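Summary of structural features
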Amino acid sequence: MSLLLEFLHEHALSIDFAMFVLIGLVQVIVYPVFREIPADRFAKWHPRYCNQIGWFVLPLMIAQLIDSASTCFFVADDLSWAKLLCVLFAWAVTFLISAPCHRRLMREGKIDRVVERLIRTNLYRTFAWAGALIISWLQY
């Protein structure tokens, strides 16, 4: 286990950068495209997107959470706690707001106001992961 923690800690800046780039692409490119996809194609496309993006997002999120939490345990400085708060906030928005929006879009098809909520609330995750990246860079 200590090898995993050491590996994650040594690569924290890369993990945080990857997470920021990924969420940035989602914010600037992917979610706005939801507006352009016709409703009849959205029902088929959206579940495929959700299943495929998870293969990229979840490993990064898990790695980032493990590193942030373990850094608080072993280092416990203010920056470590601030980064963990950014990561936990991003997780909270992901699972309390974004995931329910995606489930509703999968269940009911394209609903413009749900798409707009997804775009608007994704800004919270974008800022949270930007904060984690900045803190990671300061710690580097």
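Let me begin by describing the structure that accompanies this report. Everything quoted here is computed from the prediction, not taken from an experiment.

**What to know about the pattern of salt bridges**
Where side chains of opposite charge bring their charged atoms close, a pairing between them can arise. Taken as a whole, this structure holds five salt bridges when the rule is applied. When the shortest N-O distance is used, the salt bridge between Asp 16 and Lys 83 registers 2.6 Å. Of this pair, Asp 16 sits in helix H2 (residues 12-36) while Lys 83 sits in helix H4 (residues 78-108); the two residues are 67 residues apart in sequence, bridging distant segments of the chain. One salt bridge connects Arg 35 with Glu 116, and the closest N-O pair in it is separated by 2.7 Å. One end of the pair, Arg 35, is in helix H2; the other, Glu 116, is in helix H5 (residues 112-139), and 81 residues separate them in sequence. The exposure class of Arg 35 is partly exposed, given its relative accessible area of 40%. In this structure Glu 116 comes out as partly exposed when scored by relative accessible area, which is 31%.

About the thresholds
Residues numbered from 1 in each chain as written. Predicted model: local features only at pLDDT ≥ 70, side-chain atom pairs only at ≥ 80, totals over all residues. Heavy atoms only, no water. Salt bridge = Lys/Arg side-chain N within 4 Å of Asp/Glu carboxyl O. Helix = DSSP H or I, 4+ residues; strand = E, 2+ residues; numbered from the N terminus. Buried < 20%, exposed > 50% of the residue type's maximum accessible area, 1.4 Å probe, protein only.

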